[in-house]
Amino acid sequence: MQTQQTGITQRRPAAVVREQGATKVERQPQNTVLVWPNLLAIEFLAAALITLGLIILSWVIGAPLEEHANPDITPNPSKAPWYFLNLQELLLHMHPSLAGVIVPGVAILMLMAVPYVDHVVGDTGRWFASENGPRIAGISAVYATVWLVALIIFDEYVGTRRVLESIGIPEVIISIVVPVAVMIGLSWLLVILIRPMQPNAREILIALFTGFVAVYVVLTIIGTAFRGPGMHLFWPWAMPPRH
Amino acid sequence: MAAEAAGPHRDCAVGLFSIAPHLEEMIVIGSVNEQWERLTRTQLWRSLFRQGWPDTPRNRTLAVMGNVFLHLHPVRLPRAALRVTYTFCLGGISFLLFLSLTVTGVLLMFYYIPSVTRAYNDIRDLETVVSFGYFLRNMHRWAAHGMVITVFLHMMRVFYTGAYKPPREFNWVVGVLLLTLTFLLSFTGYLLPWDQLSFWAVTVGTNMAGYAPLIGPEIRFLLLGGFEVGQNALLRFYTLHVIGLPLLVAVFLAVHFWRVRKDGGISISGPL
């Protein structure tokens, strides 16, 4: 009523049309097949095989069950579930805040950031990006494994803490600065090492991600199979019983 | 012809047909094909299946479109997307394991009470008293370990094929969240048997959370409902394990699957 009196036409949006659709289709439908039966047959077969494997596994191997929980008896060693043993292993070498919270937290955030660091499309869908890719991944896996095993053995038998404490280095440097420097420094060194191959952003990420996966897997294996009483290193076949 | 052959049966069934006239079409005896034709024309059948047997492109299209579960898929997809050596079915296998865990988990809940005085004995009973109880527990445990592994491998596959690139960035982030939730689901389930293994593993795990800068002790207290692993911790882990985290995972799974479709289906390499 008031609008008419002032002579201003009131405008309301009739519809919102996006410049870009919610659905992003990259290519025209060409050389396509029907989902029924082509994809569904593969899915059914995969589901049947996995279900069969799971049934056989559950038939043959029993889930572990120890004695009733007892807060008064601490087993030596006490271990986290296997997928957290990598973090428990880190706990032996650095400040607990770093090992238990900051390193895994930063790792998750860095994983989430991957597509925002490498966003160049064109090589989507190609395993390892390029011919250099598998080589970079191989170098990175070996590099990370060798450094990690060497550092763990050094810390066990020589002891970074023992060495640094004996020359009066403060605690904050021993448990925080040195481990952070080692983690960042070795990652940086890896990127330098592959530089002659003129890697692009995705290939650098392949190097770093492969290093992360190798460290994750090797730490998990060491934590699971090579750590015994007192969390000291033992060969799996010479592992003293838990007590 | 068919009606003649069915004469005697017809007489016997007249009373029934007068109650449910459409059953007549189902029971008339003829050749198998005729029977089939008639069956698929009944009201009951047509209320269940809106299209014919999926042996023509039209019916196959309708079968996928008209089914709430199958319509997660598109009707057609690029031939290259079928390549098993590209996906290794890892996302699908992770989802299958999640479903197996839901089914076995619900069955396990019938036999388990999250009480520090009962939990351990309930697990012992599963092994010795309950029919297939041991098998059920094994299946839940191995599927749980399996899911941690397949979700991680799925992430590796997506990374190494560059499938996280635009427009799929956000779905990669959702995937990383789902990996984290998978770890948490597995960890909260780990305490439930209430044996020495689970008790001390969770003690070690929650001590790690307690090292968080500034708010570590508060986080640990919140997780455990106290200063040490006890009845409150068992109840919190149980509640998170059987309802809280699965609901959260289900929501993120829905977003994850929906975005796969909205971002143009699974990534495939170059022109075919």
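Predicted model, so just to flag it, every value in this text is computed and none were measured.

Peer 1: Provide a residue-level description of unusual backbone geometry, including the pertinent values.
Peer 2: A cis geometry characterises the amide bond from A:N76 onward to A:P77, with omega recorded as 0°. If you trace the backbone, A:P77 turns up in the loop between α2 (35–60) and α3 (85–91). With an omega of 10°, the peptide bond between B:P166 and B:P167 qualifies as cis. Here B:P167 lies in the loop between α10 (133–160) and α11 (169–190). One non-glycine residue, A:A129, lies in positive phi territory at about 70°. Looking at the secondary structure, you find A:A129 in the loop between α4 (96–117) and α5 (132–157). For B:L214, which is not a glycine, the phi torsion comes out positive at approximately 65°. For B:L214, the position within the fold is in the loop between α12 (196–209) and α13 (216–224).

Peer 1: Go over the interface of chain B and chain A, please, and point to the residues and values.
Peer 2: Contacts between chain B and chain A engage 88 residues on the former and 82 residues on the latter. Of the roughly 7900 Å² buried between chain B and chain A, counting both surfaces, carbon and sulfur atoms make up 71%. The interface formed by chain B and chain A holds two salt bridges in total. When the shortest N-O distance is used, the salt bridge between A:D123 and B:K165 registers 2.8 Å. Viewed at the interface, chain A and chain B are joined by 33 residue pairs in polar contact (both at pLDDT 80 or more). Per-element tally for the side of chain B that touches chain A: the top contributor is α10(B), with 17 residues. Here the side of chain B that touches chain A is composed, by residue class, of 58 nonpolar, 15 polar and 15 charged.

Peer 1: So what's going on with the packing of α5(A) against helix α7 (residues 171–193) of chain A? Residues and values would help.
Peer 2: Residues and elements named next belong to chain A. Following both chains from N to C, one finds α5 and α7 inclined at 150°, their axes separated by 11 Å at the closest point. In terms of orientation, α5 lies roughly antiparallel with respect to α7. Read as a crossing pair, α5 and α7 show a hand that is right-handed. Of the residues in α7, those touching α5 at I139, S140, Y143, W147 and L151 are V182, L186, L189, L190 and L193. Residue composition of the contact of α5 with α7, by class: nine nonpolar, one polar and no charged.

Peer 1: Hey, could you go over the side chain of A:N86 for me, with residue numbers and the actual values?
Peer 2: Inspection of the secondary structure assignment puts A:N86 in helix α3. Residues in contact with A:N86, not counting those within four places in the same chain, are A:Y216, A:L219 and A:T220.

Peer 1: Please provide a residue-by-residue account of a nonpolar patch on the surface, values included.
Peer 2: Residues A:L52, A:I56, A:L57, A:W59, A:V60 and A:I61 make up a contiguous nonpolar surface patch of roughly 640 Å² in combined accessible area. Considering the arrangement of structural elements, one finds A:V60 in helix α2.

Peer 1: With reference to specific residues and values, describe the environment of A:A214.
Peer 2: Tracing the backbone through its elements, the reader meets A:A214 in helix α8 (residues 201–226). As for A:A214 and A:L148, which are separated by 66 residues in sequence, their C-alpha atoms are 9.2 Å apart.

Peer 1: Let's hear about the pattern of salt bridges: which residues, and what values?
Peer 2: Counted under the stated rule, the structure contains eleven salt bridges over all chains. With a shortest N-O distance of 3.3 Å, A:R161 and A:E165 are connected by a salt bridge. In this pair, A:R161 and A:E165 both sit in helix α6 (residues 160–166), four residues apart, roughly one turn of the helix. Notably, a salt bridge pairs A:E171 with A:R161, separated by 2.9 Å at the nearest N-O pair. Taken together, the residues A:E171 in helix α7 and A:R161 in helix α6 connect sequence positions ten residues apart. Accessibility expressed as a relative area gives 36% for A:R161, which makes it partly exposed. Salt bridges here are not isolated pairs; linked through shared partners, they connect A:D118, A:D123, A:R202 and B:K165.

Conventions and cut-offs
- Residues numbered from 1 in each chain as written.
- Chains lettered and ligands numbered in written order.
- Predicted model: local features only at pLDDT ≥ 70, side-chain atom pairs only at ≥ 80, totals over all residues.
- Heavy atoms only, no water.
- Helix = DSSP H or I, 4+ residues; strand = E, 2+ residues; numbered from the N terminus.
- Contact = heavy atoms within 4.5 Å.
- Buried area = accessible area lost by both parts, 1.4 Å probe.
- Salt bridge = Lys/Arg side-chain N within 4 Å of Asp/Glu carboxyl O.
- Polar contact = N/O pair within 3.5 Å; in protein donor to acceptor, adjacent residues only side chain to side chain.
- Nonpolar A, V, L, I, M, F, W, Y, C, P; charged D, E, K, R; others polar.
- Axes fitted to C-alpha atoms, helices over the stretch in contact; angles between N-to-C directions.
- Parallel < 35°, antiparallel > 145°, perpendicular 65-115°, else oblique.
- Left-handed = near helix turned anticlockwise from the far one by under 90°.
- Patch = residues over 30% accessible without salt bridge, like charges linked within 9 Å, V, L, I, M, F, W, Y side chains within 5 Å.
- Areas by Shrake-Rupley, 256 points an atom, 1.4 Å probe, with all protein chains shown as cover.
- Buried < 20%, exposed > 50% of the residue type's maximum accessible area, 1.4 Å probe, protein only.

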